[in-house]
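Residue-level structure breakdown
Single-letter residue listing:
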Amino acid sequence: MADTTTVPQVPPRKVNRLGLETSTYRGGKTTLCAGCGHNAISERIVEAFWEMGVDGSRVIKLSGIGCSSKSPAYFLGNSHGFNAVHGRMPSVATGAVLANKTLLAIGVSGDGDTGAIGIGQFVHLMRRNVPLIYIIEDNGCYGLTKGQFSPTADVGSTLKNGIVNDLPPLDTCVLAIELGATFVARSFSGDKKQLSAILKAAVGHRGTAMIDVLSPCVTFNDHEGSTKSYAYVKQHDDVLGEISFVPFFDDITVEYEPGTTKEVVLHDGSRLYLKKLDAEYDPTDKLQALRVLHETARRGEYATGVLYVEPDRDDFATLLNTVDEPLATLPLDKVRPSKGALDEIIESLR
Ligand SMILES: Cc1ncc(C[n+]2csc(CCOP(=O)(O)OP(=O)(O)O)c2C)c(N)n1
Ligand code: SF4
Ligand SMILES: [Mg+2]
């Protein structure tokens, strides 16, 4: 009798250019609240790093303290990690990338971690153009300590118990542009397509890529009266443009209409395409970026997209001319003067 059993079809494994599946880019199971915007951001990081074919063993993840700062535990499980003190991640990140130029660094902070206790460190990180993707998971509150207002909470927004915020907010994008960051973007945790394109472009950038991601806290800041809730952001999101991103290892085949799309060549040869709403929008124009941010803020809106890019400035490690080889693997004779050289110095001081 003929064999009628059919062999079940196994779908082909979807792998990236390193032959890895997305599962390699995941981390531990999240302990954040279900629906927290921070979880969606971790998902986008997993996707973007997988799509870019980043080697996880070359990545260092850094963070401070907060629900947001717990996120690196939930992505890139095969990478190096350092959970710093509250607001002090920038100095640890600076040390790490100076000691090892071969690392790709990604830092996750919160609006409290960055805008309150860590504001001094943030300022110097931005002006130094440290090669680091710096993500602020911005929910307008201190989620981990039960939802107090953070420095990015808008005037007039309310806590769950009705208390009204009467202090003006910091705009981290305005600050980053003013301070010298060379890639500044804002997105929304619920906008998969835009956030994914921005993250991929940030991976291709050499210098500080500062991304402020509006990320509603569903437990303490997703109610009426909050300007960082899902409903509010969806209604007041002024998208700057549709972004296409082509990694440098792919053929550049993206279609775009001349005159409506801005092409930006990133440091590693990757290209970022911004489809502009406003034909005048040029992400390399610093003054325009600041004007757009101020104008949208005045209307109670958030401009989202890549707001500013300066692809050609030297990053901090290049500026300091640090060695290419990681300090940890440099042989002793390269990091310590020989006895003869030391004796000579001592002799010259007599
Ligand atoms: C030195 C120090 N001060 C205060 C705290 C308490 N604390 C922990 S997290 C946090 C705020 C976190 O807010 P944010 O950075 O916005 O993160 P979120 O939890 O909202 O994601 C504060 C004040 C601390 N851990 N260490
Ligand atoms: S408290 Fe808020 S910020 Fe923290 S995990 Fe829950 S939803 Fe997210
Ligand atoms: Mg917060």
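What you see is a predicted model, and the numbers here were worked out from it, not measured in a lab.

What counts, and at which threshold
Residues numbered from 1 in each chain as written. Chains lettered and ligands numbered in written order. Predicted model: local features only at pLDDT ≥ 70, side-chain atom pairs only at ≥ 80, totals over all residues. Heavy atoms only, no water. Helix = DSSP H or I, 4+ residues; strand = E, 2+ residues; numbered from the N terminus. Buried < 20%, exposed > 50% of the residue type's maximum accessible area, 1.4 Å probe, protein only. Polar contact = N/O pair within 3.5 Å; in protein donor to acceptor, adjacent residues only side chain to side chain. Donors = N, O, S within 2.8 Å, 3.2 Å for Na, K, Ca; no water. Near = heavy atom within 4 Å. Areas by Shrake-Rupley, 256 points an atom, 1.4 Å probe, with all protein chains shown as cover. Nonpolar A, V, L, I, M, F, W, Y, C, P; charged D, E, K, R; others polar. Pairing = 2+ DSSP bridges. Axes fitted to C-alpha atoms, helices over the stretch in contact; angles between N-to-C directions. Contact = heavy atoms within 4.5 Å. 1 Å grid on protein atoms, 1.4 Å probe; cavity = no way out; pocket = protein on both sides within 12 Å on 5 of 7 lines; lining within 4 Å. Points joined across faces, edges and corners; volume = space filled by probe spheres on them.

Let's talk about the environment of Thr-304
- On the secondary structure map, Thr-304 appears in strand E13 (residues 302-309).
- Here Thr-304 falls in the buried class, since its relative accessible area comes to 0%.
- Distance from Thr-304 to Gln-194, taken between C-alpha atoms, is 8.7 Å for residues 110 residues apart in sequence.
- Side-chain polar atoms of Thr-304 contact the side chain of Gln-194, separated by 3.2 Å.

What about the coordination of the magnesium ion (ligand 3)?
- Every protein donor of the magnesium ion (ligand 3) is listed here as Asp-111 (OD), Asn-139 (OD1) and Cys-141 (O), and their distances to the metal cover 2.1 to 2.3 Å.
- When the donor residues of the magnesium ion (ligand 3) are listed from N- to C-terminus, their spacing reads D-x27-N-x1-C. Linking Asp-111 in helix H4 (residues 111-115) with Cys-141 in strand E5 (residues 141-142), this pair joins segments that are 30 residues apart in sequence. For the residue pair Asp-111 and Cys-141, the accessibility class agrees, reading buried in each case.

As for the site of ligand 1
- Ligand 1 sits among 17 residues. The nearest are Cys-67, Ser-68, Gly-112, Asp-113 and Gly-143.
- Between ligand 1 and the protein, one listed contact pairs an oxygen atom with a backbone N or O atom of Cys-67 at 2.8 Å.
- Asp-111 is positioned with one of its side-chain polar atoms (N or O) 3.1 Å from an oxygen atom of ligand 1.
- In the complex, the protein chains occlude 74% of the 600 Å² of accessible area that ligand 1 would expose alone.
- Those elements that place two or more of their residues in the shell around ligand 1 are helix H2 (67-70), H4 and E5.
- At three residues, the largest contribution of residues to the shell around ligand 1 is made by H4.
- By residue class, the composition of the shell around ligand 1 is six nonpolar, nine polar and two charged.

What about the site of ligand 2?
- In the neighbourhood of ligand 2, the contacting residues comprise Leu-32, Cys-33, Cys-36, His-38, Cys-67, Asn-139, Gly-143, Cys-217, Val-218, Thr-219 and Phe-220.
- When its residues are assigned to classes, the shell around ligand 2 shows seven nonpolar, four polar and no charged.

Side note on the pairing of strand E8 (residues 208-214)
- Of all seven residues that make up E8, seven are buried, and the element is covered over most of its length.
- Residues Thr-208, Met-210, Asp-212 and Leu-214 of E8 are buried on one face, and the alternating residues Ala-209, Ile-211 and Val-213, pointing to the opposite face, are buried as well.
- Where strand E4 (residues 132-138) lies against E8, seven bridges are found, and the strand directions are parallel. Opposite Tyr-134, over in E8, you have Met-210 as the bridge partner.
- In terms of strand pairing, strand E7 (residues 183-188) meets E8 through six bridges, oriented parallel. Counted as the bridge partner of Val-184 is Met-210 from E8.

Looking at the packing of helix H3 (residues 89-99) against helix H5 (residues 119-128)
- Put simply, H3 and H5 touch, their axes get as near as 8 Å, and they point 35° apart. Along the contact surface, H3 presents Met-89, Pro-90, Ser-91 and Thr-94, while H5 presents Gln-121, Phe-122 and Leu-125.
- By residue class, the composition of the contact of H3 with H5 is four nonpolar, three polar and no charged.

Details of empty space enclosed by the protein
- Evaluated as defined, the whole model comprises two cavities of 30 Å³ or more.
- Of the volumes computed, that of the largest cavity is approximately 60 Å³.
- Lining the largest cavity are Gly-140, Cys-141, Gly-147, Phe-149, Ala-153, Ser-157, Thr-158, Leu-159, Asn-221, Ser-226, Thr-227 and Lys-228.
- A per-class count over the lining of the largest cavity returns four nonpolar, seven polar and one charged.

By themselves, these figures tell us nothing about what the structure is for.
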